[in-house]
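# Examination of the molecular architecture
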Amino acid sequence: MNLNTITAIKRPTSADEIGEWRDGYAWIAGGTWLFSTPQVRTDTLIDLQSLGWPALQASDDGLEIAATCTLAELTRFNAPQEWKAAPLFKMCCESLLASFKVWNAATVGGNICMSLPAGSLISLTASLEGVYTLWPRGAEPRKVPAVAFVTGNNKNVLRPGELLRSIHLPAKALSKRFAFRRASLTHLGRSAIIVIGTVGAGDLVLTVTAATERPFQIHFERLPDEYTLRKALNAVIPDAAYFNDVHGSASYKRHLTYYFAEQVRAELLQGAQQ
Ligand SMILES: Cc1cc2nc3c(=O)[nH]c(=O)nc-3n(C[C@H](O)[C@H](O)[C@H](O)COP(=O)(O)OP(=O)(O)OC[C@H]3O[C@@H](n4cnc5c(N)ncnc54)[C@H](O)[C@@H]3O)c2cc1C
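Anyway, here's the lowdown on the structure attached to this text. In this text, all values refer to a predicted model and were calculated from it rather than measured experimentally.

Criteria and thresholds
Residues numbered from 1 in each chain as written. Predicted model: local features only at pLDDT ≥ 70, side-chain atom pairs only at ≥ 80, totals over all residues. Heavy atoms only, no water. Salt bridge = Lys/Arg side-chain N within 4 Å of Asp/Glu carboxyl O. Buried < 20%, exposed > 50% of the residue type's maximum accessible area, 1.4 Å probe, protein only. Pairing = 2+ DSSP bridges. Helix = DSSP H or I, 4+ residues; strand = E, 2+ residues; numbered from the N terminus. Axes fitted to C-alpha atoms, helices over the stretch in contact; angles between N-to-C directions. Phe/Tyr/Trp six-rings, centres within 6.5 Å; stacked < 30°, edge-to-face > 60°. Lys NZ or Arg CZ within 6 Å of the ring centre and 35° of its normal. Near = heavy atom within 4 Å. Polar contact = N/O pair within 3.5 Å; in protein donor to acceptor, adjacent residues only side chain to side chain. Areas by Shrake-Rupley, 256 points an atom, 1.4 Å probe, with all protein chains shown as cover. Nonpolar A, V, L, I, M, F, W, Y, C, P; charged D, E, K, R; others polar. Domains from an automatic or database assignment.

Glancing now at the pattern of salt bridges. Taken as a whole, this structure holds 10 salt bridges when the rule is applied. Across the pair Lys-90 and Glu-94 runs a salt bridge, and its minimum N-O distance is 2.8 Å. A salt bridge links Lys-253 to Asp-245; its shortest N-O distance comes to 2.8 Å. Lys-253 sits in the buried class, given a relative accessible area of 1%. Since its relative accessible area comes to 27%, Asp-245 is described here as partly exposed. Overlapping salt bridges bring together Glu-129, Lys-176 and Asp-203 as one network.

This brings us to the sheet that holds strand E6 (residues 131-135). As a general point, the strands of a sheet are linked pairwise by backbone hydrogen bonds and lie either parallel or antiparallel. Taken together, 5 strands build an open sheet; the order of strands is E4-E5-E10-E6-E7 and the sheet is antiparallel. Each having just a single partner strand, strand E4 (56-59) and strand E7 (142-145) make up the two edges of the open sheet. Across the sheet, the mean angle from the axis of one strand to that of its neighbour is 20 degrees, orientation sign disregarded. Sheet analysis places strand E5 (residues 62-66) next to strand E10 (residues 163-170), joined by 5 bridges and oriented antiparallel. Looking across to E10, one finds that Gly-62 is bridged to Pro-170.

Before going further, it helps to examine the packing of aromatic side chains. Under the counting rule described, the total for this entry stands at 7 aromatic pairs. Summarising the aromatic geometry, the rings of Trp-21 and Tyr-25 are spaced 5.3 Å apart at their centres and angled 85 degrees between planes, so their arrangement reads as edge-to-face. With relative accessibility at 17%, the residue Tyr-25 sits in the buried group. Considering the side-chain rings of Phe-77 and Phe-89, the 6.1 Å spacing of their centres and the 35 degrees angle between planes classify their relative orientation as tilted. With Phe-77 in the loop between helix H1 (71-76) and helix H2 (87-93) and Phe-89 in helix H2, this pair connects stretches of sequence that are 12 residues apart. Among the aromatic residues, ring-to-ring pairing joins Trp-21, Tyr-25 and Trp-27 into one connected group. Over the aromatic face of Trp-53 sits the side chain of Arg-165, whose NZ or CZ is 4.1 Å from the ring centroid. Of note, Arg-214 hangs over the ring of Phe-216, and the distance from its end group to the ring centre comes to 4.0 Å.

Here we take up the site of the ligand. Around the ligand sit 27 residues in total, of which Trp-27, Gly-30, Gly-31, Thr-32 and Thr-107 are the nearest. Take Gly-30: an N or O atom from its main chain is 2.8 Å from an oxygen atom of the ligand. Burial of the ligand by the protein chains amounts to 86% of its free accessible area of 980 Å². Residue assignment for the shell around the ligand shows that the elements contributing at least two residues are strand E2 (25-28), helix H4 (108-114) and E10. If one sorts the elements of the shell around the ligand by residue count, H4 sits on top with 4 residues. Tallied by class, residues from the shell around the ligand come to 17 nonpolar, 8 polar and 2 charged. Taken domain by domain, the makeup of the shell around the ligand includes at least three residues from each of domain 1 (8-50) and domain 2 (51-172).

What follows is the structure, given as structure tokens:
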């Protein structure tokens, strides 16, 4: 749609060019959400693509994903063989309601900063123990664990004008075995629930997203039995945290969380015994 409140577009070549932040400014990445709905309080768009950040940089430490990396670029990434969790990139990109046109425009950072429960790049980066680098206006950069970035439905820790610069996925997490479960009311629709488990040297990291307003993550020192898993889910995720919307009731999402978590546990246990 045309945004008829916009009177200026800035295309900085460095984020420092945007010193002072004021109401009416908005960063624009792929624009797939910004152009989908009226933005009555916005008069100036600041284009992040003109900053020219390299999309993906792999090293022995892991993978640095620029906030401006598109979903299409992420799915095309050719990961080293030892990064066993890399298939999650495509699985999570396929967990949004998005056509191929959206894949070519929507960015990893835009998805994360929207901070919707169904933000499946949040699911990806939280489950792979990612750390986000944030660039506040007029202050030093800071780092926030992916699992702590989203604080509620469409809410996060960003301060006014603060930029998500990049996402670091550690090689250790990328090298883990994983199991993935997802449900959506429509085949290619918005996710109602995503449960991802990763296993390193016997420990389990279980991440629940989409069913809840923010990500929940549980660390087990070793693969738990079914009873211990249920007990931990009960203790960590309060009933009130399950998200009620047109994609499913809170009780439906709670039910699927337990159902999928047990499937994830069983699948990873089977792999461990081989
Ligand atoms: C039909 C439709 C279906 C959708 N389905 C889903 C879905 O299933 N799940 C889902 O999560 N989303 C969905 N969306 C919302 C949106 O399209 C996606 O979240 C997309 O990934 C946003 O990325 P973008 O790069 O286009 O962000 P933009 O639209 O450019 O920006 C989104 C918001 O994030 C801010 N922003 C962007 N990048 C940064 C940054 N680096 N630092 C700080 N702020 C930033 C912008 O200012 C804006 O407020 C849907 C949208 C539409 C129209």
